[in-house]
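Listed below, chain by chain, are the residues.
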Amino acid sequence: MPIDFLTSLIPSQNLELWNNYLKFINLGKSRFFYEKDRISCKEEKLRLLEKAVRRDLPVSDNILSRLQQEFLQENLSVSLLSDWLAVWRYTATLPLPLNEKRLSDIIGYAASPAARMIIALNNENPSIYLPFSSLVSAVLFMAMETEKDDLFKGSKWSLKQKRSKLKGWLKNSRILLSVIRSKRLKFKTALLLNRLKIYERDFQNNKQFKIGFLDEVSIFLYSMCQFMTIRYKSVAIKEM
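Residues numbered from 1 in each chain as written. Predicted model: local features only at pLDDT ≥ 70, side-chain atom pairs only at ≥ 80, totals over all residues. Heavy atoms only, no water.

Trainee: How would you summarise the overall build of the protein chain if you had to cite specific residues and measurements?
Mentor: From N to C terminus, the protein chain includes 11 helices and 0 strands. The C-alpha atoms of the protein chain give a radius of gyration of 19 Å, which matches the 18 Å a tight globule of 240 residues would have. Based on the C-alpha atoms only, the size of the protein chain along its principal axes is roughly 55 × 45 × 35 Å. Relative to its full complement of 240 residues, the protein chain shows a buried share of 46%. Taking the contacts inside the protein chain whose residues are at least 6 apart along the sequence as the reference set, 72% of them involve residues at least 24 apart. As displayed, the protein chain offers around 12,800 Å² of accessible surface, 53% of which is attributable to carbon and sulfur atoms. (Helix = DSSP H or I, 4+ residues; strand = E, 2+ residues; numbered from the N terminus. Rg over C-alpha atoms; globule rule 2.2 N^0.38 Å. Buried < 20%, exposed > 50% of the residue type's maximum accessible area, 1.4 Å probe, protein only. Contact = heavy atoms within 4.5 Å. Areas by Shrake-Rupley, 256 points an atom, 1.4 Å probe, with all protein chains shown as cover.)

Trainee: Describe a positive patch on the surface, with residues and values.
Mentor: A contiguous patch of positive charge, built from Lys167, Lys171, Arg174 and Lys197, is present on the exposed surface. For Lys167, the position within the fold is in helix α7 (residues 159-173). (Patch = residues over 30% accessible without salt bridge, like charges linked within 9 Å, V, L, I, M, F, W, Y side chains within 5 Å. Salt bridge = Lys/Arg side-chain N within 4 Å of Asp/Glu carboxyl O. Lys, Arg positive; Asp, Glu negative; His and termini not counted. Charge placed at Lys NZ, Arg CZ, Asp CG, Glu CD.)

Trainee: For the side chain of Arg163, give the residues involved together with the corresponding values.
Mentor: By the element assignment, Arg163 lies in helix α7. Among the polar contacts listed, one links the side chain of Arg163 to the side chain of Asn206, at a separation of 2.9 Å. Apart from residues no more than four positions distant in its own chain, Arg163 is found in contact with Phe203, Gln204 and Asn206. (Polar contact = N/O pair within 3.5 Å; in protein donor to acceptor, adjacent residues only side chain to side chain.)

Trainee: Break down the environment of Leu46 for me, citing the residues and quoting the values.
Mentor: Structurally, Leu46 can be placed in helix α2 (residues 39-54). Assessed through its relative accessible area of 1%, Leu46 is described here as buried. A sequence separation of 43 residues divides Leu46 from Arg89, and the C-alpha atoms of the two residues are 7.3 Å apart. Every residue in contact with Leu46, bar those within four places of it in the chain, is listed here: Phe32, Leu85, Trp88 and Arg89.

Trainee: Give me the pattern of salt bridges: which residues, what numbers.
Mentor: Applying the stated rule across the entire model yields 13 salt bridges. Between Arg89 and Glu50 there is a salt bridge, and its shortest N-O distance comes to 3.7 Å. Of the two residues, Arg89 is situated in helix α4 (residues 79-93) and Glu50 in helix α2; the sequence distance between them amounts to 39 residues. Lys101 serves as the salt-bridge partner of Asp105, at 2.9 Å between the closest nitrogen and oxygen. Within this pair, Asp105 and its partner Lys101 are both found in helix α5 (residues 100-121), separated by 4 residues, close to a single helical turn. Judged by its relative accessible area of 57%, Lys101 falls in the exposed class. What emerges from the salt-bridge pattern is a single network uniting Glu35, Arg38 and Lys42.

Trainee: Break down α2 for me, citing the residues and quoting the values.
Mentor: Between its first and last C-alpha atoms α2 spans 23 Å; for 16 residues at 1.5 Å apiece the expected length is 22 Å, and the two agree. Buried residues of α2: Lys42, Leu46, Leu49, Ala52 and Val53, and no others. Projected down its long axis, α2 carries its buried residues within an arc of 120°, all on one side. Of the residues in α2, the exposed ones pointing more than 90 degrees away from the buried face are Ser40 and Arg54. Against the buried residues of α2 lie α1 (15-31), α3 (63-74) and α4. (Expected span 1.5 Å × (residues − 1). Arc of directions from axis to C-beta.)

Trainee: Describe the packing of aromatic side chains, naming the residues involved and giving the relevant values.
Mentor: As enumerated under the stated definition, the model contains 16 aromatic pairs in all. Between Tyr90 and Tyr109, the ring centres sit 5.5 Å apart and the planes meet at 85°, which makes this aromatic pair edge-to-face. Of this pair, Tyr90 sits in helix α4 while Tyr109 sits in helix α5; the two residues are 19 residues apart in sequence, bridging distant segments of the chain. Aromatic side chains Phe152 and Trp157 sit 5.8 Å apart centroid to centroid with 75° between the ring planes, which places their arrangement in the edge-to-face category. Neither residue differs from the other here; Phe152 and Trp157 are each classed as buried. Among the aromatic side chains, those forming a connected cluster through ring pairs are Trp18, Tyr21, Phe24, Phe32, Phe71, Trp84 and Trp88. Above the face of the Phe227 ring, Lys186 is positioned so that its terminal group lies 5.6 Å from the ring centre. (Phe/Tyr/Trp six-rings, centres within 6.5 Å; stacked < 30°, edge-to-face > 60°. Lys NZ or Arg CZ within 6 Å of the ring centre and 35° of its normal.)

Scope: geometric values only; no functional claims are made or implied.
So, in structure tokens, the structure goes:
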């Protein structure tokens, strides 16, 4: 899944790990797509990949081996890798075109490990997972729609349904600015949310997504205002 839009949320010391994570995701996306008469072959490859993910591999330039070493150093759960297998197992067995439910399921499956990874790398409270997952889902949708992802080709997902789904994800993610503890992540999230608002506006009006210089200035100033005025509230108070 094209989730490189989220790189701005990653601490600088973890960028190499994140880039390796993206390579792993993109490799899986390219290899585990539906092909008639090759489902059993892909299922066997997924089975072997799952075994490799769950066992210690020799140190090498292999992307999975590098990720295992980096995960060990950062004390990250192997589920952040293995959960992608559910995404690929789904895409490997579903012929196109897909309907709204199946596309929403794929985005949800993909958003989960990506959101948990970002939360872990920023040492944030896992309790913010639900709104963060909504934010990641909105970003994934934006990337897939903008890049004309193969999964969207001929999809039975009406424009009205897409608009409603995007609106729901963004609405659910607005609470993030009041529950994120890290000042850096709070500001970066504000910037991302405000960029997504412009995308939603353009998407609702059937316009091509584009952010100009004045938009960037407005995004920065408004994000700074939000950063200064929105106070942190305990997640426990929100009962999330």
